[in-house]
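# A structural walkthrough
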Amino acid sequence: MSDKIANIIAALWFFGVLIWALLFGVFALIMIPFSDIAGMINSGYSRSTEGLIFCFLLGIIFSLTGLVPVLRKAYYKLPWLYPFTMMLFMDLFILSIAEMILAKGFAIDSRFHHVMAIIVMSIQIIACRIAMSKYLKRYPLLIHKYERLE
Amino acid sequence: MGNNEFRNDSPVTSKNNMEYIPDIQQDISPHRAKNTPPFTQRIKKGSGILLLASIMALAIGMMCHTGTSVNTSDDAQSAIETHVSTTLPIGARLLEKDDHYVGGDMTITHTSPEKKTKMYIWDYAAEDGDYVQVYIDGKPLGSPFMIKNKPEVFNVPATGEVQVVGTRDGGGGITYAVRYELNHETYFNGMEQGGNNVYTLVRE
């Protein structure tokens, strides 16, 4: 009986919260570079940034899913979900910081500030992606080779 | 998530050529927490790190966030009507959205003996990407910049002409407030893109 209740809670969390958070995260991951960052570079003007707030909200949802045993069932049922959420968060975090750097630089309408903002943003993205790659090489998110799902 | 979780067990192929995942019990070493599968341990650890990263994202976001909430006090309501206030704090936000307000030039008479004074300038409505440039007696004081709810501070002469030019309208007109330290008065002004307001500072 308690298993059934736990399954219902897990399903409600997955279909009511987690899947929307994932869709929203993917949407944000597309919109930040192709709308916000490209928009600022094309127009030459800054805009308000919300990427880090999205990161916070998604991070809370994903971490709750991992930390609460009942909600964690989603990660067992869908083996790709845990690596997917982790990488989604990492990518979103990197892009949100990049967006913030660009918005700061473009808040002053001068060529020097614009060029500097683009350079700093590019360095940040490359450095963070290298760090992410090194981290994932050392601690791969693959599970199927050595672990069994519950 | 550590290296010690990796084993040399290679995946075994079953009869139907599907990849077989070794039994979890075989993968638990005596040094591990009691009966906690490594996958679970890794999720817990990863989620803990994710939680910390989320809090860090919130902290960075809060530090860089310049938006403020709308002031709904009686003083703010009065300032919306008169466009002047001596009581509202620096950085007060009066409106949720820009209201296409077009103000005018002002002459500010004061008795301050100081040669210079601080001028605060901010967006008193939405942070929608309005840009202005400040000129002192016809000379630009830096590049155009985006006005936000958080005030920018300039040192300007206590006498002379301070011109605020609207270089870009992010939507709804350029709404901005200026406050001079020499008389502690805030002027809630506005203009269209390309327009300007001149503040003539005169010592009595």
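Because the structure is a prediction, the values reported are computed rather than measured. (Residues numbered from 1 in each chain as written. Chains lettered and ligands numbered in written order. Predicted model: local features only at pLDDT ≥ 70, side-chain atom pairs only at ≥ 80, totals over all residues. Heavy atoms only, no water.)

## Let's talk about the overall build of chain B
The condition that has to hold: Secondary structure counts use DSSP, requiring at least four H or I residues in a row for a helix and at least two E residues in a row for a strand, with both numbered from the N terminus. Accessible area is worked out with a 1.4 Å probe on protein chains only. A residue is then buried under 20% of its type maximum, exposed over 50%, and partly exposed in between. Contacts are residue-level and defined by heavy atoms, with any inter-residue pair within 4.5 Å sufficient. For the area figures, the Shrake-Rupley method with a 1.4 Å probe applies, and any residue is considered shielded solely by the protein chains shown.
Helix and strand content of chain B: three helices and 13 strands. Per-residue burial for chain B yields a buried fraction of 44% across its 204 residues. For chain B, restricting intrachain contacts to residue pairs at least 6 apart in sequence, the fraction spanning at least 24 positions comes to 70%. Accessible surface, chain B: about 10400 Å² in total, of which carbon and sulfur atoms supply 52%.

## Here we look at the sheet that holds strand 3 (residues 84-85) of chain B
Residue and element names in this part refer to chain B. The condition that has to hold: Pairs of strands are assigned from DSSP output, requiring at least two bridges between the strands.
Strand order in the open sheet formed by five strands is 3-12-11-5-9, and the pairing between neighbours is antiparallel. Bordering the open sheet on either side are strand 3 and strand 9 (152-157), each of which pairs with just one other strand. Inspection of the sheet shows strand 11 (residues 174-180) paired to strand 12 (residues 185-191) by seven bridges, in the antiparallel sense. By the bridge assignment for strand 12, Val178 is matched with Tyr187.

## Section: the pairing of strand 13 (residues 196-203) of chain B
Both faces of the sheet carry side chains from a regular strand, because those side chains alternate between them. Residues and elements named next belong to chain B. Relative to strand 13, strand 4 (residues 106-110) runs parallel, the two being bridged by five bridges. Following the sheet pairing, Thr107 is matched in strand 13 by Thr200. Here strand 10 (residues 160-168) runs beside strand 13; their pairing, made up of six bridges, is antiparallel. Bridge pairing in strand 13 links Val162 to Tyr199.

## With respect to the domain arrangement of chain B
Let me state the cut-off plainly: Domain segmentation is taken from an automatic or database assignment of domains.
Partitioning chain B into domains gives domain 1 (30-64) and domain 2 (74-203). Placing the centre of domain 1 of chain B and that of domain 2 of chain B at their C-alpha centroids yields a distance of 47 Å.

## Here we look at the UniProt feature "transmembrane region" (unreviewed entry) in chain A
The following threshold applies: UniProt positions are given in the numbering used here, feature names are shortened, and annotations may be inferred rather than shown by experiment.
The positions that UniProt labels "transmembrane region" (unreviewed entry) are, in the present scheme, residues 12-31, 51-71, 80-102 and 114-132 of chain A. A helix fraction of 96% and a strand fraction of 0% characterise residues 80-102 of chain A, whose end C-alpha atoms lie 33 Å from each other.

## Structural notes on the side chain of Thr40 of chain B
The condition that has to hold: Within 3.5 Å is the distance limit for a polar contact, defined as a pair of N or O atoms, with the added protein rule that one can donate a hydrogen and the other accept it, and that residues adjacent in sequence qualify only through two side-chain atoms.
Along the polypeptide, Thr40 of chain B turns up in helix 2 (residues 38-64). Engagement of the side chain of Thr40 of chain B in a polar contact is seen with the side chain of Tyr76 of chain A, the distance being 2.7 Å.

## Quick look at unusual backbone geometry
All names here are of chain B. In this model, His83 sits at a positive phi of 65 degrees, which is unusual for a non-glycine residue. Here the phi dihedral of Asp137 falls at roughly 45 degrees; this positive angle occurs in a residue that is not glycine. Looking at the element boundaries, Asp137 is found in the loop between strand 6 (131-136) and strand 7 (139-140). Given a relative accessible area of 47%, Asp137 falls into the partly exposed group.

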